[in-house]
Amino acid sequence: MSTVLRHATIYTGLEKIEDGYIRFGKTIEAVGPMSEYKAQGDDEVYYAGGKIIVPGFIDVHTHGGYGFDAMDGDPEQINEMVNQAVVNEGVTSFFCTTMTQSNENIEKSMRGVAKAAEENPVIQGVHLEGPFISAKYKGAQPEEYIKDPDAALLGKWNELSGGRVKLITIAPEHAGSDAFEAYCLDHGIVPSVGHSNATRAQLLNSTVTHATHLYNAQREFKHREPGVTGHVMLEDNIYAELICDGFHIVPDMLKLAYEVKGPERIELVTDSMRAKGIAEGESELGGQKVYVKDKQARLADGTLAGSVLSFDDAFRNAMKFFGCGIAEAVQMSSVNQAREFGLDSKGTLEVGKDADLNVFDGDLNKLETYSYGKKFAKED
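This structure is a prediction, so every number in the text was calculated from the model and none was measured.

Let's shift gears to the sheet that holds strand β13 (residues 210-211). Strand order across the open sheet formed by 8 strands is β6-β9-β10-β11-β12-β13-β14-β15, with parallel pairing between neighbours. The outermost strands of the open sheet, each flanked by one partner alone, are β6 (57-62) and β15 (266-269). Looking at chain direction, strand β14 (residues 239-243) and β15 are connected through 4 bridges and run parallel. If you follow Glu241 over to β15, its bridge partner there is Glu267.

Below, the structure written as structure tokens:
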């Protein structure tokens, strides 16, 4: 039996269908204009007039939420965290993101993620944020655990994760980065510049093709040194993450990044932490106390410590801050991530791909999410 949603406006990631339908089981079986629709006897058909359908969101940088964190290493809690992201935010592909911590804690996380992912295919990868970063731009990462690049250590962690490491944030100015980046590329891991004090000259000798939370925790651009931010703006081959909560980056600078990079090279992320989705107050990140107030998460010294941003808010905020349309927001929420990380069954609504989709009303309030064709809604 298949589900059919009819008379919706559908943004497939490739085109906009004004009055369309989509038929799916676990995968998408048909999608197109209503003029091409043919009823089938065993379909469950739902009228979706006035609704907007987009691909499920892909968050490649999220530490946690709903009281849980990938660093906890508890498979049941990791799965609950991921499932909450599906229900509440429309995230249907999830990169469990770690942070700079002890070897033992990272290893615990990798084991936990591997076990959770065996049961939960929404977990599509791991993003190692650190520990091979710059102390100068550590942000909310604990300085005592920062290390020089170590390919053997990365290999061990990747093995413990079941080969799921897809992205690693590094500071390319470290000695030994060339060999480390080569190792990443040989093993299908995308090296990302972040928490870095690298100069433009150093980055021109690097193979990084991704930027972790552009603007944040990196050498900023100046008139005599473009730094990390300037380099990322100038290089067309680099995908740039943006945290669109209006706090990490002021709207004017978000708009600037969009105007320079364009929707084809921006990826929306949440960089969310444990406190997302729960009451404001005291929380935790990497063993550090975090205080959440007014939708901002900060260390005691005022440093921003991840976010409490939900992905559906990031999706709406992109249109508000960039002045773009739904098609461009879809590009930055799903299409680019799937393309960059080789998630071939994700990112667009096409026949044969996984039935991962979000349904919004005309005001872009998320109504329901389908993950592998299974319906999730907040009221469930």
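Attention shifts here to the side chain of Lys276. Among the secondary structure elements, Lys276 is positioned in the loop between β15 and β16 (281-285). By relative accessible area, Lys276 is classed as buried at 4%. Looking at Lys276, its side chain comes within polar contact range of the side chain of Glu89, at 2.9 Å. If sequence neighbours within four positions are ignored, Lys276 has contacts with Thr62, Gly64, Gly65, Tyr66, Gly67, Glu89, Thr270, Val308, Leu309 and Ser310.

According to UniProt, the positions carrying the feature "binding site: Zn(2+)" (unreviewed entry) are Glu129, His195 and His213. For the residues just named, distributed over 85 residues, the greatest C-alpha separation is only 10.8 Å, placing them together at one site. Relative to the helices and strands, Glu129 resides in strand β10 (residues 123-129). Once residues lying within four places of it in the same chain are set aside, the contact partners of Glu129 are His61, His63, Thr97, Thr98, Met99, Thr100, Gln141, Thr169, His195, Thr212, His213 and Asp271. A polar contact is formed between the side chain of Glu129 and the side chain of His61, at a distance of 3.0 Å.

Our next topic: the pattern of salt bridges. A complete count under the given rule lists 15 salt bridges for this structure. Between Lys276 and Glu89 there is a salt bridge whose closest N-O contact spans 2.9 Å. Taken together, the residues span a long stretch of sequence, with Lys276 in the loop between β15 and β16 and Glu89 in helix α1 (residues 75-89) at a distance of 187 residues. We note that Lys276, like Glu89, is buried.

Our focus in this paragraph is the environment of Asp301. Tracing the backbone through its elements, the reader meets Asp301 in the loop between β18 (296-298) and α8 (311-322). Separated by 11 residues in the primary sequence, Asp301 and Val290 place their C-alpha atoms 9.7 Å from one another. At 2.8 Å, the side chain of Asp301 forms a polar contact with the side chain of Thr303.

A word on the domain arrangement of the protein. Split by domain assignment, the protein resolves into domain 1 (1-52 + 347-375) and domain 2 (56-339). The gap between the C-alpha centroids of domain 1 and domain 2 is 30 Å. Contact residues are listed per partner, giving 16 residues for domain 1 and 23 residues for domain 2. For the domain 1 and domain 2 pair, buried surface summed over both sides reaches about 1400 Å², with 66% attributable to carbon and sulfur atoms. By the criterion of area lost to domain 2, the three top residues of domain 1 are Tyr11, Gly347 and Leu364, representing 34% of everything that side buries. At the boundary of domain 1 with domain 2, the tally comes to 0 salt bridges. Element by element, the count of residues in the side of domain 1 that touches domain 2 is highest for strand β20 (residues 366-371), at 4 residues.

Let us now look at the packing of aromatic side chains. For the structure on display, the rule yields 10 aromatic pairs. Taking 5.1 Å as the distance between ring centres and 75° as the angle between the ring planes, the aromatic pair formed by Phe95 and Phe341 counts as edge-to-face. Here Phe341 lies in the loop between α9 (326-340) and β19 (357-360) and Phe95 lies in strand β9 (residues 91-97), a separation of 246 residues in the sequence. When sorted by exposure, Phe95 lands in the same class as Phe341, which is buried. Judged by centre distance (5.1 Å) and plane angle (65°), the ring pair of Phe132 and Phe180 falls under edge-to-face.

Here we take up α9. The end-to-end C-alpha separation of α9 is 20 Å, in line with the 21 Å expected for 15 residues at 1.5 Å each. Taken as a whole, α9 carries its principal kink of about 40° at Met332. The buried fraction of α9 amounts to 12 of the 15 residues, a majority that puts the element mostly inside the structure. Those residues of α9 that fall on the buried side of the exposure criterion are Ile326, Ala329, Val330, Gln331, Met332, Ser333, Ser334, Val335, Asn336, Gln337, Ala338 and Glu340. Just downstream of α9 lies Gly342, where phi reads positive at about 65°.

What counts as what
Residues numbered from 1 in each chain as written. Predicted model: local features only at pLDDT ≥ 70, side-chain atom pairs only at ≥ 80, totals over all residues. Heavy atoms only, no water. Pairing = 2+ DSSP bridges. Helix = DSSP H or I, 4+ residues; strand = E, 2+ residues; numbered from the N terminus. Buried < 20%, exposed > 50% of the residue type's maximum accessible area, 1.4 Å probe, protein only. Polar contact = N/O pair within 3.5 Å; in protein donor to acceptor, adjacent residues only side chain to side chain. Contact = heavy atoms within 4.5 Å. UniProt positions renumbered as here; feature names shortened; annotations may be inferred. Salt bridge = Lys/Arg side-chain N within 4 Å of Asp/Glu carboxyl O. Domains from an automatic or database assignment. Buried area = accessible area lost by both parts, 1.4 Å probe. Phe/Tyr/Trp six-rings, centres within 6.5 Å; stacked < 30°, edge-to-face > 60°. Expected span 1.5 Å × (residues − 1). Bend = angle between axes of the 7 residues up to and from the residue.

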